[in-house]
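Now for the letters of each chain:
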Amino acid sequence: MSNTIIRFSHATFGFPGVVALQDISLEIAEGEFVGVIGPNGSGKTTLCRAVLGLLRPLEGSLRIFDCACEKLRCHHRARIGYLPQKGALDRDFPITVLETVLMGRYGALGLFKRPSQRDREIALEALANVGMENQRDTALGHLSGGQQQRVLIARALAQQPQVLLLDEPTTGIDLTTQHSVLDLVRRLHRDLGLTVLLITHDINMIRTLVDRLVLLKTRLFAAGPPEEVLKPDVLRQVYGKDLVITEKDLVIVEDYHHHR
Amino acid sequence: MLEMLSYDFMQRSLLAAALVGGLCSLIGVFVVLRGLAFAGAGTAHAAFAGVALAYLMGLPPLPLAILFGLLTVWATGVMEEKGRLKLDVSIGILYTATMALAILFIGLMKEYNAEVYGYLFGSVLSVTPEELGGIVGLSVVVAGAIFVFSKELYFIAFDQEMAEASGVPARRIFYLLLTLVAFTVVVSLKTVGAILVFAMVLIPASTAYQLTRSLSHMTAYSVVIGITSAIGGVLVSSLWDLPSGPAIVLLATSLFFLSALFSPKRLRRVPTGPSL
């Protein structure tokens, strides 16, 4: 359990003129379920892109599977299953559910190799894991938002990843579906022993699921078990006066007031 | 009609049209899905500028057409990745600038050259055996590359960042796609002409897009539609003595409007299966 799989050491990320994440030091162990929270523009998606090896640190270092993130090679990337933020997807893209999930095999297969029967079996297994095996020939665009999320999670699973990286998996889908997607993630974490990194602005939704919460706003403000991070004085540093904590300990933040 | 098919030139032009129609509609699937339509139109004009320069300098047209086409299409790729301007603006500039170059080169020619205009408007009926050889060669290379890298090409068309993140060398595949677009345009220049070549890339693929929700079906439909309209267009143009480029493109366009009318995608969308 204690093997470190992702290690940020004083890592700074950004673009010319913009620092998106500054001086981040964080270790994530194999099999951990980590929630990453913070207001809009706090660098959550940058963290995600960094772990995927799409960004190199301006300062410090980030190592994943004991490999510097900017040197992540294709076969390493294939070990990180990624669910991008919703909205990037073209709903009219002509692709069936099975075709979508099979794409998860492409990185691991490498160039010049075609998906084999075994790859189809892996893809179907991934579909069964998210409860969508009966929809294999349905067009992706015909599915509801929650079903599409499941198919895209299956695509990530088809990579047979060690790490599952989910960027706002519950945004833009209705409440019941949000719970069913999160239940699915919890089950996959438990049954497949995946290391899960879940990025969200919805603190209440994940507080009971995760082993640890990471609180970001350009810098890392806190990292620890939910009960340690979700304290008014800790949260107030990041959310300021937009923070309301109700009697039942629900955290309410006026997230959309935060613009960079 | 049958008698017409016995002429050498007719067989050559039918073969050239079928190859070009098939190739354009094949690459068109990726161009339409990846959203590169405008980039390709710019490339066609740049390749034509290359042809004009070659005629001006008395050089063979093919290498310069390829060079101009490649430089433009790669510049478009760089602009998409790093550009500060909106892509349609920067491509618009590139597109008109290369056309200005072409007009400049034609203006510098001492005398009127009908062959140059053949590349602008297309003249499939005058394809020579050597040109047909070039078309066959480039078609094999482009279609071969698409076949070998099809899974990566589909993936970057679907979502390039997701492809990159899951271990596909997406950037290199994107530039490969741009390169193949340039080669396809150059192959097709003589047959359908610089102005209309992009219709052959876009229309069959867009027609197929209307008809299906599966990647493999879309590809197959697109190629069949492309070859059919190319051959049909050549036959129509020789039967009624019409210019071949417009005949091919207008036939393809009619098929497009038919497919848009009867597209299952235009019908009311009913989600299948139990909702979550």
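Every value quoted in this text rests on a predicted model; they were computed, and no experiment measured them.

Student: Can you help me understand the overall build of chain B in this one?
Tutor: Helix and strand content of chain B: twelve helices and zero strands. Walking chain B from its N terminus toward its C terminus, one meets helices and strands in the order α-α-α-α-α-α-α-α-α-α-α-α. In terms of overall size, chain B behaves like a compact globule, its C-alpha atoms giving a radius of gyration of 19 Å where 276 residues would be expected to give roughly 19 Å. Reported as C-alpha extents along the three principal axes, the dimensions of chain B are approximately 70 × 50 × 30 Å. Among the 276 residues that make up chain B, the fraction classed as buried is 55%. Intrachain contacts of chain B at a sequence separation of at least 6 include 75% that bridge at least 24 residues. Distance between charge centres in chain B, computed from 15 positive and 14 negative side chains, equals 13 Å.

Student: What should I look at first to understand the overall build of chain A in this one?
Tutor: When helices and strands are tallied, chain A shows nine helices and twelve strands. Compactness check: chain A gives a C-alpha radius of gyration of 18 Å against a globular reference of 18 Å for 260 residues, within 12% of the reference. C-alpha atoms of chain A, sized along the principal axes, occupy 55 × 40 × 35 Å. Across the 260 residues that make up chain A, the buried fraction comes to 57%. In chain A, of all internal contacts separated by at least 6 residues, the share reaching a separation of at least 24 is 66%. On chain A, roughly 11,300 Å² of surface is accessible, and the fraction owed to carbon and sulfur atoms is 48%. A distance of 5 Å separates the average location of the 31 positive side-chain charges in chain A from that of its 30 negative side-chain charges.

Student: Is there a simple way to explain the domain arrangement of chain A in this structure?
Tutor: Reports of interface size often rely on the accessible area that becomes lost once the parts have come together. Residues and elements named next belong to chain A. Its domain assignment divides chain A into domain 1 (1–73 + 163–176 + 194–260) and domain 2 (80–161). A C-alpha centroid distance of 26 Å is found between domain 1 and domain 2. Each side of the interface is counted separately: domain 1 has 18 residues, and domain 2 has 14 residues. Carbon and sulfur atoms supply 67% of the area buried between domain 1 and domain 2, which totals about 1,200 Å² over both sides. Connecting domain 1 to domain 2 are zero salt bridges. Taken together, domain 1 and domain 2 are joined by seven residue pairs in polar contact (both at pLDDT 80 or more). At the level of elements, helix 1 (44–51) and strand 7 (163–167) are the ones that each hand at least two residues to the side of domain 1 that touches domain 2. Looking at the side of domain 1 that touches domain 2 residue by residue, the class counts come to 13 nonpolar, three polar and two charged.

Student: Explain the packing of helix 2 (residues 8–34) of chain B against helix 7 (residues 129–148) of chain B to me, please; I cannot follow it from the model alone.
Tutor: In helix packing, the relevant descriptors are the interaxial angle and the interaxial distance, both defined with respect to the helix axes. Residues and elements named next belong to chain B. At a minimum axis separation of 10 Å, helix 2 and helix 7 run at an interaxial angle of 25 degrees. With respect to each other, helix 2 and helix 7 are oriented roughly parallel. Note that helix 2 runs across helix 7; the crossing there is left-handed. For the pair helix 2 and helix 7, contact is made by Arg 12, Leu 15, Ala 16, Leu 19, Val 20, Leu 23, Leu 26, Ile 27 and Phe 30 and by Pro 129, Leu 132, Ile 135, Val 136, Ser 139, Val 142, Ala 143 and Ile 146, respectively. Taken together, the residues that form the contact of helix 2 with helix 7 break down as 15 nonpolar, one polar and one charged.

Student: I keep staring at the packing of helix 9 (residues 170–192) of chain B against helix 10 (residues 197–211) of chain B and nothing clicks. Help me out?
Tutor: All names here are of chain B. Put simply, helix 9 and helix 10 touch, their axes get as near as 8 Å, and they point 115 degrees apart. Within the contact between the two elements, helix 9 uses Val 181, Val 185, Ser 188 and Val 192 and helix 10 uses Val 197, Phe 198 and Met 200. In the contact of helix 9 with helix 10, the residues fall into six nonpolar, one polar and no charged.

Student: How do you make sense of the interface of chain A and chain B when you look at a structure like this?
Tutor: Contact with chain A, which involves 43 residues of that partner, is made by 36 residues of chain B. Buried surface at the junction of chain A and chain B, summed over both partners, amounts to about 3,500 Å²; 61% is from carbon and sulfur atoms. When the buried area of chain A at its contact with chain B is split by residue, Phe93(A), Pro94(A) and His142(A) rank highest and sum to 18% of it. Taken together, chain A and chain B are joined by one salt bridge. Two residues, Glu161(B) and Arg49(A), come together in a salt bridge whose shortest N-O distance is 2.4 Å.

Student: What am I meant to see in the packing of aromatic side chains here?
Tutor: Centre-to-centre distance and the angle between the planes together describe a pair of aromatic rings. Enumeration over the complete set of coordinates arrives at eleven aromatic pairs over all chains. Ring geometry for Phe112(A) versus Phe149(B): centroids 5.5 Å apart, planes at 55 degrees, classification tilted. Of the two residues, Phe112(A) sits in the loop between helix 3 (97–109) and helix 4 (117–129) while Phe149(B) sits in the loop between helix 7 and helix 8 (150–165), which places them in two different chains. Of the residues examined, Phe112(A) reaches a relative accessible area of 59% and is grouped as exposed. Assessed through its relative accessible area of 16%, Phe149(B) is described here as buried. The interplanar angle of 25 degrees and the centroid separation of 5.8 Å between the aromatic rings of Tyr7(B) and Phe9(B) together place this pair among those described as stacked. Owing to a relative accessible area of 35%, Phe9(B) belongs among the partly exposed residues under this scheme. For Lys190(B), the ring lying beneath its charged end belongs to Tyr119(B), and the centroid distance is 5.7 Å.

Student: Mind showing me how you'd approach the pairing of strand 2 (residues 18–29) of chain A here?
Tutor: Consecutive residues of a regular strand have side chains that alternate between opposite faces of the sheet. Residue and element names in this part refer to chain A. Direction of pairing for strand 1 (residues 4–15) relative to strand 2: antiparallel, over a ladder of eight bridges. Bridged to Arg 7 within strand 2 is Glu 27. Connecting strand 1 to the next strand, strand 2, in antiparallel fashion are two residues, including Gly 17 with a positive phi near 85 degrees.

Basis of the calculations
- Along each chain, residues carry numbers from 1 onward, in the same order as the chain's sequence is written.
- Labels are handed out in written order, letters beginning with A for the chains and numbers beginning with 1 for the ligands.
- pLDDT decides what is reported in this predicted model: residues at 70 or higher carry local features, side-chain atom pairs at 80 or more are listed and counted, and totals for whole chains, interfaces and linings draw on all residues regardless.
- Hydrogens and water molecules were not included; the side-chain quantities draw on all heavy atoms of the structure.
- Strands are runs of DSSP state E lasting at least 2 residues, helices are runs of H or I lasting at least 4, and numbering of each runs from the N terminus.
- For the radius of gyration, the atoms used are the C-alpha atoms, and the globule rule reads 2.2 Å times the number of residues raised to 0.38.
- Buried, partly exposed and exposed residues are distinguished by accessible area as a fraction of the type maximum, computed with a 1.4 Å probe on protein chains only: under 20%, between the cut-offs, and over 50%, respectively.
- Any two residues whose heavy atoms approach within 4.5 Å at even a single point are treated as in contact.
- Residues counted as positive are Lys and Arg, residues counted as negative are Asp and Glu, and His and the chain ends are not counted.
- For charged residues, the charge sits on one atom: NZ in Lys, CZ in Arg, CG in Asp, CD in Glu.
- We get accessible surface area from the Shrake-Rupley algorithm with a probe of 1.4 Å; when it comes to residues, only the shown protein chains can shield them.
- Start and end positions for the domains come from either an automated domain assignment or a database one.
- Two parts placed together each lose some accessible area under a 1.4 Å probe, and the buried area is that loss summed for both.
- We define a salt bridge as a contact between a side-chain nitrogen of Lys or Arg and a carboxyl oxygen of Asp or Glu at a distance within 4 Å.
- Pairing of N or O atoms within 3.5 Å defines a polar contact, subject to two protein rules: one partner must be a possible hydrogen donor and the other a possible acceptor, and residues neighboring in sequence count only if both atoms are side-chain atoms.
- Charged residues are taken to be Asp, Glu, Lys and Arg, nonpolar residues to be Ala, Val, Leu, Ile, Met, Phe, Trp, Tyr, Cys and Pro, and polar residues to be all remaining types, Gly included.
- Axis definition: a line fitted to C-alpha atoms, limited for helices to the stretch in contact. Angles are taken between N-to-C directions and run from 0 to 180 degrees.
- Here the word oblique covers every angle except those under 35 degrees (roughly parallel), over 145 (roughly antiparallel) and from 65 to 115 (roughly perpendicular).
- A clockwise turn of the near helix away from the far one marks a right-handed crossing, whereas an anticlockwise turn of less than a right angle marks a left-handed crossing.
- When the centres of two rings from Phe, Tyr and Trp lie within 6.5 Å, Trp using its six-membered ring, the rings pair. Their planes under 30 degrees apart give stacked, over 60 give edge-to-face, and anything left gives tilted.
- As a reminder, the over-ring test applies to NZ of lysine and CZ of arginine, requiring each to be within 6 Å of the ring centre and within 35 degrees of the ring normal.
- By this definition, two strands are paired if DSSP reports at least two bridges between them.

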